[in-house]
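Descriptive analysis of the structure
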Amino acid sequence: TELLPLAFGAGMVVSEDEPAAVRRKVLQRQFGATLVQAFLTHAWAVFFEKMDAWRGSPQQVLLCREMNQITLEVICRTVLGEPLRERYEEIAEAIT
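Right, let's walk through the structure included here. Bear in mind that the values here come from a model prediction, so they are computed numbers and not experimental data. (Residues numbered from 1 in each chain as written. Predicted model: local features only at pLDDT ≥ 70, side-chain atom pairs only at ≥ 80, totals over all residues. Heavy atoms only, no water.)

A few points about the packing of helix α3 (residues 33-55) against helix α4 (residues 63-80)
- Packing of α3 against α4 brings their axes to within 9 Å, and their N-to-C directions diverge by 140°. Here α3 lies oblique to α4, going by the angle between them. Considering the relative orientation of α3 and α4, their crossing is right-handed. Along the contact surface, α3 presents Leu-35, Ala-38, Phe-39, His-42, Ala-43, Ala-45, Val-46, Phe-47, Glu-49, Lys-50 and Trp-54, while α4 presents Glu-66, Gln-69, Ile-70, Glu-73, Val-74, Arg-77 and Thr-78.
- Of the residues in the contact of α3 with α4, the class split is ten nonpolar, three polar and five charged. (Axes fitted to C-alpha atoms, helices over the stretch in contact; angles between N-to-C directions. Helix = DSSP H or I, 4+ residues; strand = E, 2+ residues; numbered from the N terminus. Parallel < 35°, antiparallel > 145°, perpendicular 65-115°, else oblique. Left-handed = near helix turned anticlockwise from the far one by under 90°. Contact = heavy atoms within 4.5 Å. Nonpolar A, V, L, I, M, F, W, Y, C, P; charged D, E, K, R; others polar.)

What follows is the structure, encoded as structure tokens:
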């Protein structure tokens, strides 16, 4: 348990105080089986879409950028119900 704060910071996920425990309990209800299934379905779809695009491209793949884009795409599809499309640059800049 001492390693968790080093990896994830001292936020709500690893904090052992009462307010953090209450917040975690509230959030856990939001991550039911339906959301997890949707997340996994979108994650697989996006990953395979990217792999197909990488295979047809003669350009070098910048893996860090691609993984960021995959993550953001999966979140958009799962949480917002909309694909990211061409808005990656704009959204990535806004959240960093």
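Observations regarding the packing of aromatic side chains
- Scanning all chains against the criterion turns up three aromatic pairs.
- Centroid distance Phe-47 to Phe-48: 5.9 Å. Interplanar angle 70°. Geometry classified as edge-to-face.
- A residue is classified by how much of its surface remains accessible, and Phe-48, at 41% relative accessible area, is partly exposed.
- Measuring from ring centre to ring centre gives 6.4 Å for Phe-47 and Trp-54, while their planes differ by 85°; the resulting arrangement is edge-to-face.
- Feature note: the residues Trp-44, Phe-47, Phe-48 and Trp-54 constitute an aromatic cluster, connected by ring pairs. (Phe/Tyr/Trp six-rings, centres within 6.5 Å; stacked < 30°, edge-to-face > 60°. Buried < 20%, exposed > 50% of the residue type's maximum accessible area, 1.4 Å probe, protein only.)

Considerations on the pattern of salt bridges
- Summed over all chains, the structure comprises five salt bridges.
- Here Arg-77 makes a salt bridge to Glu-49, at a shortest N to O gap of 2.9 Å. Placement of the pair is Arg-77 in helix α4 and Glu-49 in helix α3, with a sequence separation of 28 residues.
- Close ionic contact of Arg-65 with Glu-89 constitutes a salt bridge, the shortest N to O distance being 2.0 Å. Here Arg-65 is found in helix α4, whereas its partner Glu-89 is found in helix α5 (residues 88-95), with 24 residues between them in sequence.
- A relative accessible area of 33% places Arg-65 in the partly exposed class.
- Owing to a relative accessible area of 48%, Glu-89 belongs among the partly exposed residues under this scheme.
- Among the ionic contacts, a cluster of salt bridges with common partners joins Glu-49, Glu-73 and Arg-77. (Salt bridge = Lys/Arg side-chain N within 4 Å of Asp/Glu carboxyl O.)

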